[in-house]
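Listed below are the residues making up each chain.
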Amino acid sequence: MKYSKYITVFFLIFSLQSCSDFLEQEPGTQTSIDELLQNKQGVLTALTGVYTELEENVRGERFAVYADLQGGNIKFTPTASGSSRGQISPALNTREVYSFADMAQTSNFKTFYDESYNIINQANLILEYTPSLTDATEQEKNQIKAEALAIRAYAHFLLSQVYSQDYSYTADASHLGIVYNTKSIKTGIQYPVRETAANTYNLIITDLKTAIDNYGDKSLLTGAAYSLFNKNNTKALLARVYLQKNDWNNAYETANDVITNSGVALTNKANLISEWEKADLPVSEILLEFALKKDSEGSVSSSMSQVYGYTSATSYQAYAASNDLFNLYENADLRKQLFLTQPLQTLVNGLLTNVNYNFTKKFQNNAGYVAFRLSEMYLIRAEAALETNRNDVALADINSIRARANATLLTSTTNLKENILLERRKELCFEGQLFFDLKRNHKNISRIDGCISSTCSLIYPSLKFVLPIPTYNTNLNPNLQQNESY
């Protein structure tokens with residue numbers, strides 16, 4: 001009970017107050033943090049809390065739909081009832097972002113930005129207190145350190161994708177990255193500057209490599225292994241980072257390592273649909289899916305179905321697949337069965353008309369946020385193989401995914417790069433990839449079906465490929481440079 005009390009205070013401090021507000025609480029709150037983190041059990045309680053915050057941040061509507069909404073995989077559904085029944089409007093939490101018109105003063109993503117740095121700060125506190133634990137072995141301390149470093153790197157990586165242009169935006173990646181915090185904010189006022197993109201990625205990679213070197217056999221936390229960072233899924237994150245960096249040799253080697261040594265196999269063809277449809281559990285090829293928060297009776301309080309769910313013709317969420325995505329699948333492709341097609345009353349020329357909408361079956365029931373799964377590693381290895389003149393490997397890897405889906409196999413390496421990117425769009429839809437794939441490949445945005453924005457297309461490069469840093473934060477830190485055009 002004592003630890004529960006302090007962890008609640010601990011998280012409230014970081015979730016509800018600014019850096020300066022927190023500092024004004026000293027020394028009282030510092031005593032609570034010191035007491036909480038003085039022994040192994042307290043540190044593990046804190047680490048459990050960080051996982052909870054991380055899950056809520058990535059599963060929250062804003063980030064969960066961001067890459068697919070901006071890239072064109074998603075369209076909005078009509079209002080289900082009331083005076084505006086049948087009307088289609090952007091969802092409130094993503095309205096300005098969707099139109100590439102987010103504003104620093106009232107940013108849709110302020111909560112994501114703040115929570116990301118709260119998570120980083122909490123991870124840093126754990127990293128700072130863990131070495132002094134007297135009731136933990138060196139192996140246990142190394143395991144705690146590894147998970148905290150992976151969380152810190154992951155949070156920074158997601159921030160860099162949203163708030164920094166892609167790695168090759170400048171030839172030497174000298175453009176602005178993000179603030180990379182490696183120390184907690186608990187004493188003194190800090191005004192950090194943004195790293196370059198190159199330095200940001202170097203710091204992410206260093207954290208991940210250090211984490212990989214420190215992992216033991218298993219986490220000290222309870223819960224399913226797939227819901228916690230471990231050596232294999234940290235390598236999966238590292239492979240994704242190398243992909244975003246266009247570091248093809250390292251992307252190939254790291255993805256290949258996960259495919260070869262993780263002990264996880266691709267979900268087989270016969271079970272592909274049923275694996276996604278099962279409730280409460282992830283697909284068999286999962287590498288990391290964060291645990292959902294449950295109440296005292298074991299009921300899930302919130303899941304991905306609150307973003308993508310369909311219950312009935314009068315009870316459904318705001319996001320469905322666009323035909324831009326749906327029409328990419330061959331009729332025989334099993335993945336076309338992962339869409340739940342339902343007619344919804346929609347205003348068409350002033351009349352309520354039944355119009356079919358395609359909801360994803362990936363995230364119904366108590367679905368969790370899919371951070372990494374093995375299919376992505378095959379597609380990373382395919383792309384990296386192609387970029388390093390191993391066309392035969394690239395062709396084999398993409399065909400592994402296509403064969404599993406019952407799609408027509410490719411017989412030629414002609415246009416293989418475009419085919420790999422297309423396969424990523426189909427295989428990883430609703431998993432937060434598309435917009436970032438378009439950015440790193442310097443592709444234009446083209447949203448056709450269901451686009452209700454004044455900006456349905458965006459030519460690369462554009463200053464609007466990144467979001468504004470919230471004004472509150474730039475006011476708080478005079479050294480925090482705003483993204484250009486905001």
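Shown above is the structure to which this text applies.
Cut-offs applied
- Residues numbered from 1 in each chain as written.
- Predicted model: local features only at pLDDT ≥ 70, side-chain atom pairs only at ≥ 80, totals over all residues.
- Heavy atoms only, no water.
- Helix = DSSP H or I, 4+ residues; strand = E, 2+ residues; numbered from the N terminus.
- Polar contact = N/O pair within 3.5 Å; in protein donor to acceptor, adjacent residues only side chain to side chain.
- Contact = heavy atoms within 4.5 Å.
- Core = buried A, V, L, I, M, F, W, Y, C linked by side-chain atoms within 4.5 Å.
- Buried < 20%, exposed > 50% of the residue type's maximum accessible area, 1.4 Å probe, protein only.
- Expected span 1.5 Å × (residues − 1).
- 1 Å grid on protein atoms, 1.4 Å probe; cavity = no way out; pocket = protein on both sides within 12 Å on 5 of 7 lines; lining within 4 Å.
- Points joined across faces, edges and corners; volume = space filled by probe spheres on them.
- Nonpolar A, V, L, I, M, F, W, Y, C, P; charged D, E, K, R; others polar.
- Phe/Tyr/Trp six-rings, centres within 6.5 Å; stacked < 30°, edge-to-face > 60°.
- Lys NZ or Arg CZ within 6 Å of the ring centre and 35° of its normal.
- Axes fitted to C-alpha atoms, helices over the stretch in contact; angles between N-to-C directions.
- Parallel < 35°, antiparallel > 145°, perpendicular 65-115°, else oblique.
- Left-handed = near helix turned anticlockwise from the far one by under 90°.
- Disulfide = S-S within 2.5 Å.

Draft legend 1. How the structure looks around the side chain of S303. By the secondary structure assignment, S303 is in the loop between β2 (286-289) and α13 (305-308). Among the polar contacts made by the side chain of S303, one reaches the main-chain carbonyl oxygen of N365 at a distance of 3.2 Å. In this structure, S303 is in contact with R59, L292, N365, N366 and A367, ignoring residues within four places of it in sequence.

Draft legend 2. A look at unusual backbone geometry. The omega torsion of the bond from Y460 to P461 falls at -5 degrees, within 30 degrees of zero and hence cis. In this fold, P461 is placed in the loop between β10 (457-458) and α19 (471-476). Phi at A173 is positive, roughly 55 degrees, even though this residue is not glycine. Examined against the element boundaries, A173 turns out to sit in the loop between α8 (138-163) and α9 (197-214). In this model, N349 sits at a positive phi of 55 degrees, which is unusual for a non-glycine residue. If you trace the backbone, N349 turns up in the loop between β6 (339-348) and β7 (351-360).

Draft legend 3. Quick look at the nonpolar core. If you look at the biggest cluster of nonpolar residues, it comprises 136 residues, and the most contacted ones within it are Y154, Y163, F229, F290 and M377. Among the elements that take part in this core, α8 stands out by supplying 14 residues, more than any other. Here Y154 is in contact with L54, V58, F229, L237, F290, Y369, A371 and F372, once residues within four sequence places are set aside. With 7 residues, the next largest nonpolar core counts A80, Y310, Y316 and A320 among its residues.

Draft legend 4. Just α9, in detail. Over its 18 residues, α9 runs 26 Å from end to end, which matches the ideal 26 Å to within 8%, given 1.5 Å per residue. Those residues of α9 that sit buried are A197, A198, T200, Y201, I204, I205, D207, L208, A211, I212 and N214. Looking at the buried residues of α9, the elements they touch are α8 and α10 (231-245).

Draft legend 5. Structural detail: helix α7 (residues 110-129). The first and last C-alpha atoms of α7 sit 29 Å apart over 20 residues, in line with the 28 Å expected at 1.5 Å per residue. Counted residue by residue, α7 has 17 buried out of 20 residues, so it is predominantly covered.

Draft legend 6. Representation of empty space enclosed by the protein. Per the counting criterion, the structure on display carries 4 cavities of 30 Å³ or more. Volume-wise, the largest cavity comes out at about 110 Å³. Along its surface, the largest cavity is lined by 16 residues, and L281, P282, E289, K362 and A367 are the ones closest to its centre. For the lining of the largest cavity, the per-class residue count stands at 8 nonpolar, 3 polar and 5 charged. Of the pockets and cavities examined, the second largest cavity occupies roughly 80 Å³. Forming the boundary of the second largest cavity are S160, Q161, S164, Q165, D166, Y167, Y201, Q244, F436 and K439. For the lining of the second largest cavity, the secondary structure elements donating two or more residues are α8 and α18 (434-440). Taken together, the residues of the lining of the second largest cavity break down into 3 nonpolar, 5 polar and 2 charged.

Draft legend 7. The packing of aromatic side chains, seen in detail. Counting across every chain of the model gives 29 aromatic pairs. On the numbers, 5.8 Å between centres and 70 degrees between planes, the contact of Y154 with F229 is edge-to-face. Highlighted residues: Y154 in helix α8 and F229 in the loop between α9 and α10, separated in sequence by 75 residues. Across this residue pair, the class does not change: Y154 and F229 are buried. Aromatic side chains W276 and F363 sit 6.4 Å apart centroid to centroid with 80 degrees between the ring planes, which places their arrangement in the edge-to-face category. Note that W276 is positioned in helix α12 (residues 272-277) and F363 in the loop between β7 and β8 (370-373), a separation of 87 residues in sequence. Each of the two residues, W276 as well as F363, counts as buried. Positioned above the aromatic ring of Y252, the side-chain terminus of R390 is 3.7 Å from the ring centre.

Draft legend 8. Structural view of the packing of α8 against α10. Where α8 contacts α10, the axes come no closer than 11 Å and their chain directions differ by 30 degrees. By the criterion of interaxial angle, the relationship of α8 to α10 is roughly parallel. In this structure, the crossing between α8 and α10 has a hand that is left-handed. The residues of α10 that touch α8, namely those facing A150, Y154, F157 and Q161, are T234, L237, R240, V241 and Q244.

Draft legend 9. Structural view of the packing of helix α4 (residues 40-59) against α7. Put simply, α4 and α7 touch, their axes get as near as 10 Å, and they point 160 degrees apart. Judged by the angle between their axes, α4 and α7 are roughly antiparallel. Handedness of the crossing formed by α4 with α7: left-handed. Contacts from V43, A46, L47, V50, E53, L54 and N57 of α4 reach α7 at T111, F112, E115, S116, I119, Q122 and I126.

Draft legend 10. Summary view of the state of the cysteines. This structure, assessed with the given rule, holds 1 disulfide. With its sulfur 2.0 Å from that of its partner, C451 forms a disulfide with C456. Across the S-S bond linking C451 and C456, the dihedral sits near -100 degrees, which makes this disulfide left-handed. Accessibility assignment for this pair places C451 and C456 in one class, buried. Just so you know, C429 is unpaired, no disulfide at all, and the nearest cysteine sulfur is the one on C451, 19 Å from it. Of the residues examined, C429 reaches a relative accessible area of 4% and is grouped as buried.

None of this, on its own, says anything about what the molecule does.
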